[in-house]
Amino acid sequence: TRRIDSSINNMSGSNAPLYAKRSLRVIHAESDDGSTEYKRQVHKLSTSRLHTLATQMSYRLDEGHGRCTYHIGVEDDGCHSVLDYSAVSESAWVLESIARSLNAVVLERKMIQNEIEMSDDGKLKLVDNINDVLVVEEPPVLSSGIDGFNCEDEKEEKSCGDDEEASKKKSVRKLSAADEAYTRCELTIQRVETHLLDPSPLSLSSLSRGSSFADGVNGAVEASTLSNLERLKLSSPASTTCRKEESKVAGETNDTQHTVNTVEETLSTRNIRVAVVGNVDAGKSTMIGTLTTSFLDDGRGSSRTSIMKHRHEIESGRTSTSSSHLLGFRHSGEPIAGRDKIRANKMKTEDEIARESYRIVTLMDLAGHEKYLKTTIHGVSSGFADYAIVLVNSRHPPTHMTQHHLNLCCSFGIPIIVVFTKIDGCPEHALATSKNELAKLLKSPEIGRRPFAIKTEQDIITSMGKLHTLAPTIDISCVTGEGLDLLRKMLFSLPKRRRHEKKVDRPFEFLVEDTFLNVPGVGSVVSGFVNAGELNVGANCNVYVGPTNDGTFLKTVAKSAHVARINTSHITAGQSACLAFSLNKELRKKLRRGMVVVQESPTATKEFDAEICVLKGEGTTIRRSYQAYVHILNVRQSAFARDIQIVNNNALGLPPSHNAKEDTEGIVLRPGSRAKVRFEFAQRPEYIRPGMRMLFRDGRVRGVGIVTGIPQ
């Protein structure tokens, strides 16, 4: 509704003209909620005010699911602010710079003039004929410069389905920069969630120091081009069809051009999962805390306290649970600081790191104490690690736990990177002793790796592609920072080993790693890993969750999903995600770790066949009715051997001492021998399918194998 508040126009006094000017309502009043924000003018701001505006814009983007609208030159009640073109244009430039710091771009910038005219009695009023209002779509300043409005014709030619007469009309009518040309602006801002954007052509601190509008534009012209903006507009649904048609006509085949990389791609195809293991005093949590926060340790546990989950872990210094932490890298390989630059005590959230990153390394912090060995085994079994970092305290020789961790990683075929920690103040003879002892472990027949010292960046390049035969070793100190840059470059250079994107066409399979039975306002939530397929969540997304203790599956609806704390409607293979279900209080009590979420009606089994290999090492005897604790991906349960069949070891070239033997009590398996074994779970049925890798232990790891079949 467009009206003039007559009561204000009739006011008398010195302030009456000011109120009269700003009483011309052009749009409806602003709402505290929603994706629309009104601003009179934004200029000459302090750094703290700019960060407040950035937080406000982030809120509006979240409210609009990634898109928001800013009205510049408009009061909160919807009245025109009566500002000239230069003031509104400068405010739009500042807001666009703030948008860049949030990984967002301006999709549309409309300048509106001629809404207000002077009446015969000398008062301002709204124009009677709405056709006289001039609306010009300018190109965003930070993408194409401010060379008049000659880009308008080019932009109109690229738009889909625009009328030719309207295009000609817009190209003729031009905006006025006079003081009497009252202007307002509408900015449509879209979060593109891509690492290709510069954080900002000018930093927020530079804006607060009073950089001129022209300086910002000149820098922006060099930083961005119109072609980049058009490519970034792929996030806009309205422009997707248009761009597809253009690409077909142009025949774009240049593979070297940058494409838009979304958070979904970053968290799946460019996410390297690294398991961090080592003895209890090796400094695993300290190293992860130093890498993710970009702050050095003080030598008294400041880094590890920032990532530990429980109070008893902070007090004792021992990690007892498995946890994951994101380390982000930009396209150039520069690590993303995990702490806010302004507030050093504030950690960046996972969604902030994911949106800024080109590549992500997920560091899985596992327990090192022997008491928590079963937790570490489960973390390696269900973590789908691409690589493993084995930490060794340089001041003490490797322990038996180091050997267990090396055997565990090699049992799953995970390449190893060895890191010697605490080298600051370490005597040279102690470091040399630790390296010699570790070299003996690596060269043993059970491990079969050759240590390779990483001293320069060229050594990193040399080791790539040979990680199944080499074990790179790096010396670091989390207190002095020595070796941390080499370790970061090593992590950034690691190639993706597990190709989960090749499993997208398979049926959907989500492995449940943890459950949250009653999240306020949401309900029951499960977290885990998407092992195969893809899923579009929503009101019509029916899934099966189970198996329960009796072997049945619960049919429910997957209402919503989160990936790295980012709300999404689509999850795909290779992502760690959370799913929210529609379950009543009775059914949600049946949720547990080790379940699976599938779309097709599944079946659970209590028996399965597997081909196993008993690991070499301490003597152990395996015969019928042997009971062990079995780990199959996220499933862990006690099981016993019902039947054993000998595999021909002679065909494998194994020595006679490794052959399985048959005595009066049946077949007996020795270390190094292979056999086909039928296992039976001791407690409840589980979801098992052929091809899953398994590991069994009775206190320590005894053997590995692959599930070959499910009895009918």
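Our structure is the block above this text.
**Section: the sheet that holds strand E8 (residues 271-278)**
Right, so step 1: Strand order in the open sheet formed by 7 strands is E9-E10-E8-E11-E12-E14-E13, and the pairing between neighbours is mixed. The open sheet terminates on both sides in strands that have one partner only, identified here as strand E9 (323-329) and strand E13 (450-453). If you compare each strand with its neighbour and ignore which way they point, the axes differ by 30 degrees on average.
Right, so step 2: Both E13 and strand E14 (residues 470-475) contribute to a ladder of 4 bridges, which runs parallel. When the bridges of E14 are listed, Pro451 appears paired with Ala471.

**Description of the packing of aromatic side chains**
Pairs of aromatic rings are described using the distance from one ring centre to the other and the angle between the two planes.
Right, so step 1: Inspection of the entire model under this criterion finds 6 aromatic pairs.
Right, so step 2: Note on Tyr626 and Phe696: the rings are 6.3 Å apart at their centroids and 75 degrees apart in plane angle, and the pair reads as edge-to-face. In this pair, Tyr626 is assigned in the loop between strand E24 (607-614) and strand E25 (627-632) and Phe696 in strand E30 (residues 693-697), connecting sequence segments 70 residues apart. Accessibility classification places Tyr626 together with Phe696 in one group, the buried group.
Right, so step 3: Taken together through their ring pairs, the aromatic side chains of Phe608, Tyr626, Phe679, Phe681 and Phe696 make up a single cluster.
Right, so step 4: Over the face of the ring belonging to Phe492 we find Arg359, whose NZ or CZ atom lies 5.3 Å from the ring centre.
Right, so step 5: Positioned above the aromatic ring of Phe420 is the side chain of Lys435, whose terminal nitrogen or guanidinium carbon lies 5.8 Å from the ring centre.

**A few points about helix H3 (residues 47-63)**
Residues spaced three or four apart along an α-helix face the same direction, because each turn holds 3.6 residues.
Right, so step 1: Taking 1.5 Å of rise per residue, the 17 residues of H3 would be expected to cover 24 Å, and the 25 Å separating its terminal C-alpha atoms lies within 8% of that figure.
Right, so step 2: Turning to H3, its buried residues are Leu50, Leu53, Ala54, Met57, Arg60 and Leu61. All buried residues of H3 lie within an arc of 125 degrees about the axis, which places them on one face of the element. Facing away from the buried side of H3, by more than 90 degrees, are the exposed residues Ser48 and Thr55.
Right, so step 3: One or two residues past the end of H3 sits His65, with phi positive at roughly 55 degrees.

**A short note on the side chain of Ser394**
Right, so step 1: In this fold, Ser394 is placed in the loop between strand E11 (387-393) and helix H18 (400-411).
Right, so step 2: Engagement of the side chain of Ser394 in a polar contact is seen with the backbone oxygen of Lys422, the distance being 3.1 Å.
Right, so step 3: Those residues in contact with Ser394 that sit more than four places away from it in its chain are Phe420, Thr421, Lys422, Ile423, Cys426, Ala430, Leu431 and Ser434.

**Focus on the side chain of Thr556**
Right, so step 1: With respect to the helices, strands and loops of the structure, Thr556 is situated in strand E19 (residues 554-563).
Right, so step 2: From its side chain, Thr556 meets the backbone oxygen of Ser582 in a polar contact 2.9 Å long.
Right, so step 3: Apart from the residues within four sequence positions on either side, Thr556 is in contact with Cys541, Asn542, Val543, Val545, Phe581, Ser582 and Leu583.

**A closer look at the pattern of salt bridges**
Right, so step 1: A complete count under the given rule lists 25 salt bridges for this structure.
Right, so step 2: Among the ionic pairs, Asp386 bridges to Lys496, the shortest N-O distance being 3.8 Å. Placement of Asp386 in the loop between helix H17 (373-382) and E11 and of Lys496 in the loop between helix H21 (484-493) and strand E15 (509-519) is noted, with a sequence separation of 110 residues between them.
Right, so step 3: Its relative accessible area of 0% is what places Asp386 among the buried residues.
Right, so step 4: Exposure remark for Lys496: the relative accessible area of 10% places this residue in the buried category.
Right, so step 5: One salt-bridge network, held together by shared partners, links Glu30, Glu37, Lys39 and Arg60.

**Side note on the sheet that holds strand E29 (residues 674-681)**
Right, so step 1: With antiparallel pairing, 6 strands are arranged side by side around a closed barrel as E24-E29-E26-E25-E30-E31. For this sheet, the mean angle separating the axes of adjacent strands, direction not counted, is 45 degrees.
Right, so step 2: Bridge count between E25 and E30: 4 bridges; the pairing is antiparallel. Within E30, the residue paired with Val630 across the bridge is Phe696.
Right, so step 3: In this fold H17 packs onto E25, strand E26 (635-646), E30 and strand E31 (701-709), with an angle of close to 40 degrees to the strand it touches most, E25.

**A closer look at the pairing of strand E7 (residues 183-191)**
Each regular strand displays side chains that alternate between the two surfaces of the sheet.
Right, so step 1: Extensive coverage of E7 is indicated by the burial of 8 of its 9 residues.
Right, so step 2: Relative to E7, strand E2 (residues 67-72) runs antiparallel, the two being bridged by 6 bridges. Counterpart to Tyr70 in the pairing with E7 is Leu187.
Right, so step 3: Pairing analysis gives 9 bridges linking strand E3 (residues 104-113) to E7, with the strands arranged antiparallel. Note on E7: the bridge partner recorded for Glu108 is Thr188.

**Focus: unusual backbone geometry**
Right, so step 1: Between Gly546 and the following residue, Pro547, the backbone shows a cis peptide bond with an omega angle of 0 degrees.
Right, so step 2: The backbone of Ser294 shows a phi angle near 65 degrees, a positive value even though the residue is not glycine.
Right, so step 3: The residue Ser294 is located in the loop between helix H13 (284-293) and helix H14 (302-305) in this model.
Right, so step 4: With a phi angle near 55 degrees, Leu633 is a residue other than glycine that sits in the positive phi range.
Right, so step 5: Secondary-structure assignment places Leu633 in the loop between E25 and E26.
Right, so step 6: Residue class for Leu633 comes out buried when judged on its relative accessible area of 10%.

Basis of the calculations
- Residues numbered from 1 in each chain as written.
- Predicted model: local features only at pLDDT ≥ 70, side-chain atom pairs only at ≥ 80, totals over all residues.
- Heavy atoms only, no water.
- Pairing = 2+ DSSP bridges.
- Helix = DSSP H or I, 4+ residues; strand = E, 2+ residues; numbered from the N terminus.
- Axes fitted to C-alpha atoms, helices over the stretch in contact; angles between N-to-C directions.
- Phe/Tyr/Trp six-rings, centres within 6.5 Å; stacked < 30°, edge-to-face > 60°.
- Buried < 20%, exposed > 50% of the residue type's maximum accessible area, 1.4 Å probe, protein only.
- Lys NZ or Arg CZ within 6 Å of the ring centre and 35° of its normal.
- Expected span 1.5 Å × (residues − 1).
- Arc of directions from axis to C-beta.
- Polar contact = N/O pair within 3.5 Å; in protein donor to acceptor, adjacent residues only side chain to side chain.
- Contact = heavy atoms within 4.5 Å.
- Salt bridge = Lys/Arg side-chain N within 4 Å of Asp/Glu carboxyl O.

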